Amino acid sequence: MLGELDGKFVVDAAAGEEHTVVVSQIRKDGKPISELVYACGNNLKGQLGINRCSHLNDFTLVEDVSEMYDS
């Protein structure tokens, strides 16, 4: 079960002991139309940039960063 990443193409990922961040694309006719950043893991001090502090088991859109990757 992919949840937030379902139907998206992951183009980059970074994983560490306590966090995972991926960049994914939404594609139409094989061409990228937008890129989105998702994160999960330890976020007890707001490290993931999702405007709340809680541990994340599932990937969550990092909206503030995703807007920077608009294709």
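Since the structure is predicted, the reported quantities are computational estimates derived from the model, not experimental observations.

Chemist: Got a minute to help me understand the nonpolar core in this structure?
Modeler: For soluble globular proteins, the rule of thumb is that nonpolar side chains tend to be buried together. Core analysis: the largest hydrophobic core is formed by eight residues, namely Val23, Val37, Ala39, Cys40, Leu48, Ile50, Leu56 and Val62. Of the residues forming this core, the biggest block, three residues, is contributed by strand β3 (residues 31-41).

Chemist: What is the right way to look at the pairing of strand β1 (residues 9-15) in this model?
Modeler: Pairing between β1 and strand β2 (residues 19-28): six bridges, direction antiparallel. Note on β2: the bridge partner recorded for aspartate 12 is valine 23.

Chemist: Just to check I follow, could you spell out the sheet that holds strand β4 (residues 56-61) for this structure?
Modeler: Pairing between sheet strands relies on hydrogen bonds along the backbone, with the strands arranged either parallel or antiparallel. Pairing within the open sheet is antiparallel, and its four strands lie in the order β1-β2-β3-β4. Since the sheet does not close on itself, it has two edges, and those belong to β1 and β4, each with one partner. Each strand of the sheet is rotated relative to its neighbour by a mean of 20 degrees, with strand direction disregarded. With three bridges joining them, β3 and β4 adopt antiparallel strand pairing. What sits directly across from glycine 41, in β4, is leucine 56.

Chemist: Sorry if this is basic, but what is going on with the environment of valine 22 here?
Modeler: Summarising the element assignment, valine 22 is placed in strand β2. For valine 22, the contacting residues outside a window of four places in its chain are Leu5, Val10, Asp12, Ala13, Leu36, Val37, Tyr38 and Phe59.

Chemist: Just to check I follow, could you spell out the confidence of the model for the chain for this structure?
Modeler: Close inspection of predicted coordinates is inappropriate for parts of the model with low pLDDT. Taken residue by residue, the chain gives an average pLDDT of 85. The fraction at 70 or more is 87%. Looking across the chain, the model is least confident in helix α1 (residues 63-66), with a mean pLDDT of 71, and most confident in β1, with 93.

Cut-offs used in this document
Residues numbered from 1 in each chain as written. Predicted model: local features only at pLDDT ≥ 70, side-chain atom pairs only at ≥ 80, totals over all residues. Heavy atoms only, no water. Core = buried A, V, L, I, M, F, W, Y, C linked by side-chain atoms within 4.5 Å. Buried < 20%, exposed > 50% of the residue type's maximum accessible area, 1.4 Å probe, protein only. Helix = DSSP H or I, 4+ residues; strand = E, 2+ residues; numbered from the N terminus. Pairing = 2+ DSSP bridges. Axes fitted to C-alpha atoms, helices over the stretch in contact; angles between N-to-C directions. Contact = heavy atoms within 4.5 Å. pLDDT = per-residue confidence, 0-100.

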